[in-house]
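Observations on the three-dimensional arrangement
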Amino acid sequence: MIYDVVVVGGGIAGLMAAIEAKEVDNSVAIITKGNIFKSNSAMASGGINAVLDKEDITQLNSHINDTLNSSKGLGDIKAINYMCKSASDIIAKLQDYGVEFDKDEEGNILQRPFGGGSVNRTCYVGDKTGFAITQALIKKAKEVGITFLVNTYVLNLARYKTSISGVVCLRRSDSSVLVYPAKSVVLAGGGYAGIFRGNSTNAQDYTGDLLAVCLRAGMVLKDMEFLQFHPTGIAKTNYLVTEAARGEGGYLVNSDGQRFINELETRDKIAKAILEQQQNGKEVFIDLRHLGLEKIQEKLPSLFNAAYNQVGIDISKELLKIKPVAHYSMGGVDTKMGTTNIKGLYICGEMAANGVHGANRLGGNSLLEGTVFGVLAGIKASKHAQFNDFLPIDYNDVIKDIQNIDKIFDGETSKNFNAIRISLGKALFEKVGIKRSKASLIKAFDYIKYLRRESYSLHCINKEKRNNVELISILELRNALEISEAIILAAKKRKESRGAHFREDYSEENPKYKKHILIKEIQKGFFRLRYEDNSILTKIRNLFINRMD
Ligand SMILES: Cc1cc2nc3c(=O)[nH]c(=O)nc-3n(C[C@H](O)[C@H](O)[C@H](O)COP(=O)(O)OP(=O)(O)OC[C@H]3O[C@@H](n4cnc5c(N)ncnc54)[C@H](O)[C@@H]3O)c2cc1C
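So, here's what we can say about the structure. Remember, predicted model here, so these are calculated numbers, not experimental data. (Residues numbered from 1 in each chain as written. Predicted model: local features only at pLDDT ≥ 70, side-chain atom pairs only at ≥ 80, totals over all residues. Heavy atoms only, no water.)

**Notes on the overall build of the chain**
On a plain count of helices and strands, the chain comes out with 16 helices and 19 strands. Since a compact globule built from 549 residues should have a radius of gyration of about 24 Å, the 22 Å found for the chain is in line with a globular shape. Taken over the C-alpha atoms alone, the chain extends approximately 65 × 55 × 50 Å along its principal axes. Burial analysis of the chain (549 residues in total) assigns 61% to the buried set. Sequence-distant contacts in the chain: of pairs separated by 6 or more residues, those separated by 24 or more amount to 73%. Summed over its atoms, the accessible surface of the chain is roughly 21,500 Å², and 49% of this surface lies on carbon and sulfur atoms. (Helix = DSSP H or I, 4+ residues; strand = E, 2+ residues; numbered from the N terminus. Rg over C-alpha atoms; globule rule 2.2 N^0.38 Å. Buried < 20%, exposed > 50% of the residue type's maximum accessible area, 1.4 Å probe, protein only. Contact = heavy atoms within 4.5 Å. Areas by Shrake-Rupley, 256 points an atom, 1.4 Å probe, with all protein chains shown as cover.)

Structure follows, in structure tokens:
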């Protein structure tokens, strides 16, 4: 089958893009590597930021300022303005698609506080906001006739000269490689925090696949060193203790029962404070007991159930032990308002570095970013598909993917890919985690280089072609290693501390580094890095966008 528009990713950004692209009479398909209901978007709990009255300039400016402050000098004012100003229309659109936000008795949408926000502006559906939104969007996507190509793993892009011509995929049901030609492609594959396996709120298959795909297509990644560590994951299971728990009044206490930080500080500050408590031999807990069972069950029902089911803790009566965990990736593919340097290719959601988060993300802003830029990518993809035709597929590229898959099946190995994936997650968290230094980054880089070499001698032990999970795991691991190298090199180049990036050997922010770090893989395993000045960039980018739009 061929589609006018192919969207890769069934999270909030991909779903919004696909629905928007379908507004015009396009054939649209959404590709997901697992089932459509599984995404980080569906796990998002706390809420989505929005100023609901778009005429309220004071509140709009406050949202813009909070977002800019959190970005630590690396935010893109045009993108942030666009996102914040679009928020009220997006909430209205989501309601129109069937999302029922929590409301007061008069029918006004309720808004809760979130870390780094100067006022209450986070709209929510209990503590299941992402689930409620994705369910409504999936229903809407089905109604409008979007095709779901699930269990389909994107391996690479198909290009013709400087334009997109389709995507090369692996069909998991029989391990065959196939191409979906398309006039426009939207990539919305989510972030890469899952590569910190064992220390991440993301599902373990969040390995930055599509960022690696973009690297292999010669595209530029931006600010890969900026990874957000969420202060509160359940210590044993990494399950996210939503920021709403602190927003609703939860305290953080150490094993001496002392509070040690303002719970509504930005995530980077809280995560670092918790790590320091741990380094001083203290355990850290979230204390929700004073909220009472009724409020907990009303506002935090999922957390109540998760704590009870996963670790046997009744949070209305007991402290819950927590630890910081890798959560969100600010870095991503360099995009300008969703547009890329490949014609017909658009990127949105967490995988896009479009400038709205800079060096740190404000909680509640990523669901907003996904929806706002998902819509924009969908509009642009639809427009491109209307005025352009299908382009030829270069089957030489496809053959490379077929040979690669054959090679993974054909060889024999005694190495365990799963052990390597766990080891990668541990090494990254310890050496490229909340605190980094030149020494730790060099150690990490050497180790990752070694793992990358090892990964090329991995083969499936099970040779069954139907739903072979080993095959996907090996491909994901290779992508994760490629992305890990990019993160470490960028982290090493940023010789300062800024936002979520903290260097023990350069513990202060340095104005000299108020720049983006761009990275490109010039040939397999060899990267070129360069700085991009934020202020000059804004001017050039504005010119560039005006031309492209
Ligand atoms: C536990 C948790 C709670 C969160 N809570 C909040 C919150 O309260 N508020 C907030 O604003 N943000 C929150 N976030 C962040 C937010 O959920 C994400 O940033 C956002 O949902 C990302 O959406 P997305 O559409 O970009 O990608 P995702 O929702 O991550 O979806 C990615 C999609 O890409 C597909 N994909 C990936 N690789 C491939 C491949 N190779 N081939 C085919 N398909 C592929 C996946 O199958 C999936 O469908 C939370 C995140 C987590 C993990």
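**Considering the nonpolar core**
In terms of nonpolar packing, the biggest core is built from 83 residues, with Leu157, Val167, Leu187, Met224 and Ile483 touching the most fellow members. For Leu187, the contacting residues outside a window of four places in its chain are Val8, Leu157, Leu210, Cys214, Leu345, Tyr346, Ile347, Cys348 and Met351. Of all hydrophobic cores here, the second largest spans 51 residues; its members include Val7, Cys123, Leu367 and Ala385. (Core = buried A, V, L, I, M, F, W, Y, C linked by side-chain atoms within 4.5 Å.)

**Here we look at the pattern of salt bridges**
Here the structure, examined in full by the defined rule, presents 40 salt bridges. In this structure, Lys269 and Glu265 form a salt bridge, with 3.8 Å as the shortest nitrogen-oxygen distance. Under the relative-accessibility criterion, Glu265 is labelled partly exposed at 27%. The residue Glu412 makes a salt bridge to Lys463 at a minimum N-O spacing of 3.9 Å. Placement of Glu412 in the loop between helix 12 (395-410) and helix 13 (417-431) and of Lys463 in the loop between helix 14 (438-455) and helix 15 (469-493) is noted, with a sequence separation of 51 residues between them. Judged by its relative accessible area of 65%, Glu412 is exposed. Assessed through its relative accessible area of 32%, Lys463 is described here as partly exposed. Several salt bridges share partner residues, and in doing so they unite Asp223, Glu225, Arg494, Glu496, Arg498 and Glu509 into one network. (Salt bridge = Lys/Arg side-chain N within 4 Å of Asp/Glu carboxyl O.)

**Focus: helix 12**
Every α-helical turn comprises 3.6 residues, leaving residues that sit three or four positions apart pointing alike. Taking 1.5 Å as the rise per residue, helix 12 with 16 residues should run 22 Å; its terminal C-alpha atoms sit 22 Å apart, in good agreement. If you check which residues of helix 12 are buried, you get Val398, Asp401, Ile405, Ile408 and Phe409. All buried residues of helix 12 lie within an arc of 105 degrees about the axis, which places them on one face of the element. Looking at helix 12, the residues exposed on the side facing more than 90 degrees away from the buried face are Asn396, Lys400, Lys407 and Asp410. Tucked inside the fold, the buried residues of helix 12 contact strand 7 (152-160), strand 8 (163-171), strand 9 (176-187) and helix 15. The opening residue of helix 12 is Asp394, an N-cap whose side-chain oxygen sits 3.0 Å from the backbone nitrogen of Asn396. (Expected span 1.5 Å × (residues − 1). Arc of directions from axis to C-beta. Polar contact = N/O pair within 3.5 Å; in protein donor to acceptor, adjacent residues only side chain to side chain.)

**A look at the site of the ligand**
Residues in close proximity to the ligand total 38 residues, the closest being Ser41, Gly46, Gly47, Glu350 and Ser366. The separation between a nitrogen atom of the ligand and a polar main-chain atom of Gly47 is 2.8 Å. Measuring from an oxygen atom of the ligand, one finds a side-chain N or O atom of Glu350 at 2.7 Å. Its free accessible area being 1,000 Å², the ligand has 97% of it covered by the protein chains. Its residues assigned to classes, the shell around the ligand shows 14 nonpolar, 20 polar and four charged. (Near = heavy atom within 4 Å. Nonpolar A, V, L, I, M, F, W, Y, C, P; charged D, E, K, R; others polar.)

**Examining the packing of aromatic side chains**
Geometrically, a pair of aromatic rings is defined through the distance of the ring centres and the angle of the planes. Going through the model one piece at a time under the given rule, you end up with six aromatic pairs. What links up through ring pairs into an aromatic cluster is the set Phe196, Phe229 and Phe429. It is Arg112 that lies over the ring of Tyr124; its NZ or CZ is 3.8 Å from the centre. In this structure, Lys272 is placed above the aromatic ring of Phe502, and the distance from its NZ or CZ to the ring centre is 4.3 Å. (Phe/Tyr/Trp six-rings, centres within 6.5 Å; stacked < 30°, edge-to-face > 60°. Lys NZ or Arg CZ within 6 Å of the ring centre and 35° of its normal.)

**Topic: the environment of Ala271**
Relative to the helices and strands, Ala271 resides in helix 8 (residues 267-279). Excluding its chain neighbours within four sequence positions, the residues that come into contact with Ala271 are Phe229, Pro231, Pro324 and Ile434.

**Examining the packing of helix 4 (residues 77-96) against helix 11 (residues 365-387)**
It is at 9 Å that the axes of helix 4 and helix 11 come closest, and there the two elements cross at 85 degrees. Classed by the angle they form, the pair helix 4 and helix 11 counts as roughly perpendicular. Mapping the contact onto sequence places Ala79, Tyr82, Met83, Ser86, Ala87, Ile90, Lys93 and Leu94 in helix 4 and Asn365, Leu368, Glu369, Thr371, Val372, Phe373, Val375 and Leu376 in helix 11. Classifying every residue of the contact of helix 4 with helix 11 gives eleven nonpolar, three polar and two charged. (Axes fitted to C-alpha atoms, helices over the stretch in contact; angles between N-to-C directions. Parallel < 35°, antiparallel > 145°, perpendicular 65-115°, else oblique.)

**As for the sheet that holds strand 15 (residues 332-334)**
Sheet architecture is open: five strands sit in the order 17-15-10-18-19, paired in mixed fashion. Because the sheet does not close on itself, it has two edges, and the strands there are strand 17 (352-353) and strand 19 (526-533). Where strand 15 lies against strand 17, two bridges are found, and the strand directions are parallel. Residue Asp334 lies in a different strand from strand 17, and its bridge partner there is Ala353. The strands touched by helix 15 are strand 10 (221-222), strand 18 (515-523) and strand 19; relative to strand 19, the strand with the most contacts, the crossing angle is about 45 degrees. (Pairing = 2+ DSSP bridges.)

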